[in-house]
Amino acid sequence: MIPEVLRTEHVSKSFGQVTALRDASIHLAKGEVLGLLGDNGAGKSTLLKILTGFHRPSGGKIHFEGKEVQLKSVSHARLLGIEPVYQDLALINELNVYRNMFLQREIMYGGPLRILNDRAMRARAKEQLKQMGVNIPSVDVQISKLSGGQRQGIAVARSVYANAKVLLLDEPLAAMGVKESAMILDVIRRLKEKGDVSVVIVAHNYAQIFDFCDRINLLQGGQITFDRRTRDTSVEELTSLVVREYRAAREQNLRPPSRTPDGSTSGPIH
Ligand SMILES: Nc1ncnc2c1ncn2[C@@H]1O[C@H](COP(=O)(O)OP(=O)(O)OP(=O)(O)O)[C@@H](O)[C@H]1O
Ligand SMILES: [Mg+2]
C-alpha cells in the first residue's frame, strides 16, 4: 500500500465572523497529485495556508507521515518537508534570488564559524534556475524587483531542490505567461515522474491541470463535497458540477463574480 503523507480531519477556520473552512478533510498519498478546485472564496487558499503553518486551524486535526502535528509556523512546516509555493509567502522580498533559493539550508564554509558561502550558493542557484528554464536578469537581484511569474518560477525551483515531501501550489499558473505556465507544468510533471513528492495544486483552470492530477477534490463553502480519482471523472463532469453550483448560487442570488473553467472572469448573469 502506498503510504499516506498528509491528512486533515474536520479542519475548520474562522476569521472573526467569517467562516472560511467548515469541515475540510483531505488525504494525500506519497507521490500523489491532488487537484483542489472550488469557487472564489470556497476556502482553498485558507486550507493551503493552514497546511503551510501560516494559519492555525480553529478546529480539526492535521496528520503528517502518520503522526498528528501542530504546525507552528511556515518555517516549522518547511523543516518537516511541507513547501509552500506562494508568490506572497514563500520568498523574502528583501533578499536576493540566490539567498532565497537557499533559505534555511544555506551553504556554509566548513569549520566552526558558521560563515555563509555566498559564492557556492550563487553558482548553484544560477545553475539550477538555468536547468529549470527560469529566466531572470541575475541571481543577485532582489526578489521585490522581479515579476510575479519570475517569483513563482523561483519558488517552484527552490522547492524542487529543497527535497520537499509535500508541495503546496496555490494557483501556480495565475500570474504566468504561456511560456512560464508550460515551464511550471513541466516541473510538476517531472516531479510526478520521480514519484516521491506529493502535490496539492489549486487551480481555477482545471482543464489545464486535469491531466497530471491523480485525484480531484472540490471544496464548496468550506467543505470537501467531491473526491474522485481523475480516471473516474472528466473535465465535462467537473464543468457540469461547477455549472450546477453556479446556478444554485444564482438562484439564491448570492453569486459573487467568479472565474469560469477557462480562467476568464465572468460576473453574475442577470
Ligand atoms: N486573513 C483573512 N481574514 C479574514 N477573512 C479571510 C482571510 N482569508 C480568507 N478570508 C475569507 O475566507 C473565505 C475563504 O477565502 P480563501 O482565500 O480561502 O478562498 P479561495 O477558495 O482561495 O478563493 P479564490 O479562488 O478567490 O482564491 C473568504 O470569504 C475570505 O474572504
Ligand atoms: Mg485563493
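Going by the structure above, here's the rest.
Figured I'd write up the structure that's included with this text. (Residues numbered from 1 in each chain as written. Chains lettered and ligands numbered in written order. Predicted model: local features only at pLDDT ≥ 70, side-chain atom pairs only at ≥ 80, totals over all residues. Heavy atoms only, no water.)

With respect to the helices and strands, the residue Gln 70 is situated in the loop between β6 (67-68) and α2 (74-80). The exposed category is assigned to Gln 70, whose relative accessible area is 59%. Put simply, Gln 70 and Gly 110 are 40 residues apart on the chain and 34 Å apart in space, counted from C-alpha to C-alpha. (Helix = DSSP H or I, 4+ residues; strand = E, 2+ residues; numbered from the N terminus. Buried < 20%, exposed > 50% of the residue type's maximum accessible area, 1.4 Å probe, protein only.)

Between the first and last C-alpha of helix α8 (residues 235-251) there are 24 Å, a value that for 17 residues agrees with the 24 Å anticipated at 1.5 Å per step. Buried residues of α8: Leu 238, Leu 241, Glu 245, Tyr 246 and Ala 249, and no others. End-on view of α8: buried residues confined to an arc of 135 degrees, all on one side of the axis. Those residues of α8 that are exposed and angled more than 90 degrees off the buried face are Glu 236, Arg 244 and Glu 251. In this fold, the buried residues of α8 make contact with β4 (33-38), α7 (206-209), β10 (215-220) and β11 (223-229). (Expected span 1.5 Å × (residues − 1). Arc of directions from axis to C-beta. Contact = heavy atoms within 4.5 Å.)

Further remarks concern the site of ligand 1. Near ligand 1, the surroundings consist of 13 residues, among which Gly 41, Gly 43, Lys 44, Ser 45 and Thr 46 are the closest. Gly 43 places a polar main-chain atom, nitrogen or oxygen, 2.9 Å from an oxygen atom of ligand 1. Residue Ser 45 places a side-chain N or O atom 2.8 Å away from an oxygen atom belonging to ligand 1. For ligand 1, whose free accessible area comes to 630 Å², the fraction covered by protein is 61%. In terms of residue count, helix α1 (residues 44-51) provides more of the shell around ligand 1 than any other element does, three residues in total. Looking at the shell around ligand 1, its residues break down into four nonpolar, six polar and three charged. (Near = heavy atom within 4 Å. Polar contact = N/O pair within 3.5 Å; in protein donor to acceptor, adjacent residues only side chain to side chain. Areas by Shrake-Rupley, 256 points an atom, 1.4 Å probe, with all protein chains shown as cover. Nonpolar A, V, L, I, M, F, W, Y, C, P; charged D, E, K, R; others polar.)

Now for the environment of Leu 219. The topology assignment puts Leu 219 in strand β10. When the C-alpha atoms of Leu 219 and Leu 168 are compared, they prove to be 16 Å apart, with 51 residues separating the residues in sequence. Leu 219 has contacts with Leu 21, Leu 36, Leu 37, Gly 38, Asp 39, Ala 42, Gly 43, Lys 44 and Ile 224, leaving out every residue within four places of it along the chain.

Now for helix α5 (residues 148-161). For α5, spanning 14 residues, the distance from its first C-alpha to its last is 20 Å, which sits close to the expected 20 Å at 1.5 Å a residue. Residues of α5 that are buried include every one of Gly 149, Gln 150, Gln 152, Gly 153, Ile 154, Ala 155, Val 156, Ala 157, Arg 158, Ser 159 and Val 160, and no others. Once α5 finishes, Asn 163 follows within two positions and takes phi at roughly 60 degrees, a positive value.

Next up on the list: a nonpolar patch on the surface. Among the surface-exposed residues, Tyr 109, Leu 113 and Ile 115 lie close enough to one another that they form a single nonpolar patch of about 320 Å² accessible area. With respect to the helices, strands and loops of the structure, Tyr 109 is situated in the loop between α3 (97-101) and α4 (118-131). (Patch = residues over 30% accessible without salt bridge, like charges linked within 9 Å, V, L, I, M, F, W, Y side chains within 5 Å. Salt bridge = Lys/Arg side-chain N within 4 Å of Asp/Glu carboxyl O.)

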